[in-house]
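Structural overview
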Amino acid sequence: MKRRFLVGTVTAITAVGGALLPAGAAHAIDDVTALNRCTAGAATSFTSPSFAAGGNNNTPFDLPAQMFNNDAFRITATGSIAINYLGTQKDVGGDPTPAPADWPLRGQNQYMLIAKVDRGAVITDRGRRFGTNEWFPVGRNSGCFRYVRPTPVSDDDPTAVLIFSYNDPNISDNGGFGNIVVRQWFCTIC
Ligand SMILES: [Ca+2]
């Protein structure tokens, strides 16, 4: 799958990444390079338009240039959802109360925006690893995180999608939507 390499910004992004690479860079070095570009606030390789993630369902987002090993991401969100039929509003950042064990993401803010990947895993800026289909915290700002994947994107193992939901044990009585923007920094050594 060569689709990414048709994107015009790749050359410029690679040059920025290369400048950050020390001599003799090995595979592991690139792990922090895309992440460094994210952390430094460098120009993104891709920024999505704002899109809605409904409070009462799971919303998939398919990256147009796919998700490659060592890509970095940062997701921001605004707005609020209704978390019950009474219409009680909760910001996408959720409540500071940690969610109990039977909620989708134990120990994180109740009702916050959460996400998962259907292939591969993510490692947050705090070093926490969330595997395939494990919800990870997003809220108003996910911070920079790295996507990892042991096998390349191929027809046999196609691209991953990000899936958004909310840290609520029952999303079926929810309403409204959060507004999401996904930022992506392409790996230089994928
Ligand atoms: Ca609910």
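Structural data are supplied above this passage.
Everything in this summary refers to the structure shown in the same document. In this text the structure is predicted, and so the values were computed from the model without any measurement.

Broken down by element type, the chain carries 2 helices and 15 strands. Evaluated residue by residue, the chain yields a buried proportion of 34% over its 190 residues. Considering only contacts in the chain between residues 6 or more positions apart, those separated by 24 or more positions represent 72%.

The two faces of the sheet receive side chains in turn, since in a regular strand these alternate between them. Here 2 bridges tie strand β4 (residues 72-78) to strand β13 (residues 145-148), and the two strands are oriented antiparallel to one another. Residue pairing in the sheet places F73 in a bridge with F145 of β13. Inspection of the sheet shows strand β10 (residues 121-124) paired to β13 by 4 bridges, in the antiparallel sense. Across the sheet, residue T124 finds its bridge partner in β13, namely F145.

Turning our attention to the nonpolar core. Among the nonpolar cores identified, the biggest contains 38 residues, and A72, L113 and I114 are the most heavily contacted of them. Put simply, the parts of the chain that give this core at least two residues each are α2 (27-39), β4, β9 (113-117), β13, β14 (162-166) and β15 (175-185). Not counting chain neighbours up to four residues away, the residues in contact with I114 comprise P104, L105, W135, F136, P137, V138, S165, Y166 and N167.

It is worth spelling out the sheet that holds β9 at this point. Paired through their backbone hydrogen bonds, the strands of a sheet run either parallel or antiparallel. Overall, antiparallel pairing links the 4 strands, which are arranged β3-β14-β9-β12 in an open sheet. The open sheet has two edge strands with one neighbour each: β3 (59-61) and β12 (136-137). Bridge count for β9 against β12 is 2 bridges, and the pairing is antiparallel. In the sheet register, I114 faces β12, and the bridge partner there is P137.

To continue, consider unusual backbone geometry. Of note, N70 is a non-glycine position whose phi angle comes to about 80°, a positive value. Among the residues examined, N70 registers 22 C-beta atoms within 10 Å and is labelled buried.

For the rest of this paragraph, the subject is the environment of R183. Within the secondary structure layout, R183 lies in strand β15. Residues R183 and A43, spaced 140 residues apart in sequence, show a C-alpha to C-alpha distance of 9.5 Å. Discounting chain neighbours no more than four positions away, the residues touching R183 are T44, T47, F73 and R74.

A word on the environment of R4. Along the chain, R4 turns up in the segment before α1 (10-20). Classification of R4 as partly exposed rests on a count of 19 C-beta atoms within 10 Å. Along the primary structure R4 and A65 are separated by 61 residues, whereas in three dimensions their C-alpha atoms are 5.0 Å apart.

Cut-offs and rules
Residues numbered from 1 in each chain as written. Predicted model: local features only at pLDDT ≥ 70, side-chain atom pairs only at ≥ 80, totals over all residues. Helix = DSSP H or I, 4+ residues; strand = E, 2+ residues; numbered from the N terminus. Buried ≥ 20, exposed ≤ 12 C-beta atoms within 10 Å, placed from the backbone. Contact = placed C-beta atoms within 7 Å. Pairing = 2+ DSSP bridges. Core = buried A, V, L, I, M, F, W, Y, C linked by C-beta atoms within 7 Å.

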